[in-house]
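Architecture and fold: a report
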Amino acid sequence: MNSNTTLRPIAAAVASIHAAYRRYERGFEEITRRARRRFERRDWSGAQADATERLALYKAHVDAAVADVHDILEDAVMERTVWAAMRSQHALHTAGQPDVELAETFFNSVTRRVFSTVGVDPAIEYLDRTLAVQPDEQKAGIYQSRVVEAVNADLMRRILLELPWSVRSCCLCFTQSGVL
């Protein structure tokens, strides 16, 4: 692949990896939405099945991204300079997103599958983040944080009581019996 024809396949390969990650993310969120209902109904086998499904989902989407990248890049798929350029373009694509580290991990998974990397290849993979996303940049509503001196049963009870349970017995077991 010469320099004149390299940019278009690089952009297409990065877009393909990004799209595979977003499909994975949607599937993960769909499975995760069931977690509360499974917990409240004490459906432990269903929760276990969901955990297995989430792991299989990641592999399926990484495998699909690897296949797409092979199709798009063809003979250039093993060129490290192409992957270094892809990592740079991918970083621009994901900058400022609250899940940037997960998107980078997904990208790394694709590179590691293509190159059968053992260890770390800093030329084509993301390493430790030097510019971590600041908490005020996070998407509102993803999580709540607390500064506490100690984690104990009372703290856990208060946190669980603040959740909007749809099953009354969950709240009662924390308030009446004091048991977690």
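Computed from a predicted structure; not experimentally measured. (Residues numbered from 1 in each chain as written. Predicted model: local features only at pLDDT ≥ 70, side-chain atom pairs only at ≥ 80, totals over all residues. Heavy atoms only, no water.)

1. Let's talk about the packing of aromatic side chains
How two aromatic rings sit relative to each other is given by the distance of their centres and the angle of their planes. The test is simple: Pairs were defined over the aromatic rings of Phe, Tyr and Trp, the Trp ring being its six-membered one, requiring ring centres within 6.5 Å. Orientation was assigned from the angle between planes: stacked under 30 degrees, edge-to-face over 60, tilted for the rest. Secondary structure elements are taken from DSSP: a helix is a run of H or I of four residues or more, a strand is a run of E of two residues or more, and numbering for both begins at the N terminus. Note on criteria: charge over ring means Lys NZ or Arg CZ within 6 Å of the ring centre, with the direction from the centre no more than 35 degrees off the ring normal.
Counting across every chain of the model gives ten aromatic pairs. A centroid spacing of 5.6 Å and a plane angle of 85° characterise the contact between Tyr58 and Phe106, whose relative ring orientation is edge-to-face. Of this pair, Tyr58 sits in helix H2 (residues 44–73) while Phe106 sits in helix H4 (residues 100–115); the two residues are 48 residues apart in sequence, bridging distant segments of the chain. Through a chain of ring-to-ring contacts, the aromatic side chains of Tyr21, Tyr24, Phe28, Tyr58 and Phe106 assemble into a single cluster. Over the aromatic face of Phe28 sits the side chain of Arg54, whose NZ or CZ is 5.6 Å from the ring centroid. The ring of Phe115 is capped by Arg80, whose NZ or CZ atom sits 4.5 Å from the centre of that ring.

2. Section: a nonpolar patch on the surface
Stated precisely, the cut-off is as follows: Like charges are joined within 9 Å and nonpolar side chains (Val, Leu, Ile, Met, Phe, Trp, Tyr) within 5 Å, but only among residues with over 30% relative accessible area and no salt bridge; these make up the patches. Note on areas: Shrake-Rupley, 1.4 Å probe, and residue coverage restricted to the protein chains presented here. Salt bridge, as used here: a side-chain nitrogen of Lys or Arg that lies within 4 Å of a carboxyl oxygen of Asp or Glu. A 1.4 Å probe rolled over the protein chains alone gives each residue an accessible area, and that area as a share of the maximum for its type sets the label: buried under 20%, exposed over 50%, partly exposed in between.
A cluster of nonpolar side chains, Val148, Val151 and Met156, forms an exposed patch at the surface whose accessible area comes to about 250 Å². For Val148, the location among the structural elements is in the loop between H4 and helix H5 (153–162). Given a relative accessible area of 38%, Val148 falls into the partly exposed group.

3. Some thoughts on the nonpolar core
Defined as follows: Nonpolar cores were defined as sets of buried Ala, Val, Leu, Ile, Met, Phe, Trp, Tyr and Cys residues, with membership established by side-chain atoms within 4.5 Å. Note on contacts: a residue pair is in contact if any heavy atoms of the two residues lie within 4.5 Å.
Ile17, Leu73, Trp83, Met86, Phe106 and Val110 are the most contacted members of the largest nonpolar core, which has 27 residues in total. Looking at this core, the elements that each hand over two or more residues are helix H1 (3–40), H2, helix H3 (80–94) and H4. A total of eight residues in this core trace back to one element, the largest contributor, which is H1. In contact with Ile17, other than residues within four places in its own chain, are Ala65, Val69, Trp83, Met86, His90, Phe106, Phe107 and Val110.

4. Side note on unusual backbone geometry
The phi dihedral of Arg42 is positive, around 55°, even though this residue is not glycine. For Ser116, which is not a glycine, the phi torsion comes out positive at approximately 50°. Mapped onto the fold, Ser116 is located in the loop between H4 and H5.

5. Some points on the pattern of salt bridges
The tally for this structure, following the rule as stated, stands at 14 salt bridges. For Glu53, the salt bridge goes to Arg34, with nearest N and O atoms at 3.0 Å. Taken as a pair, Glu53 in helix H2 and Arg34 in helix H1 lie far apart in primary sequence, 19 residues in all. Residue classification places Glu53 among the partly exposed positions, given a relative accessible area of 39%. Three or more residues are tied together by salt bridges with common partners; here these are Arg34, Arg38, Asp43, Asp50 and Glu53.

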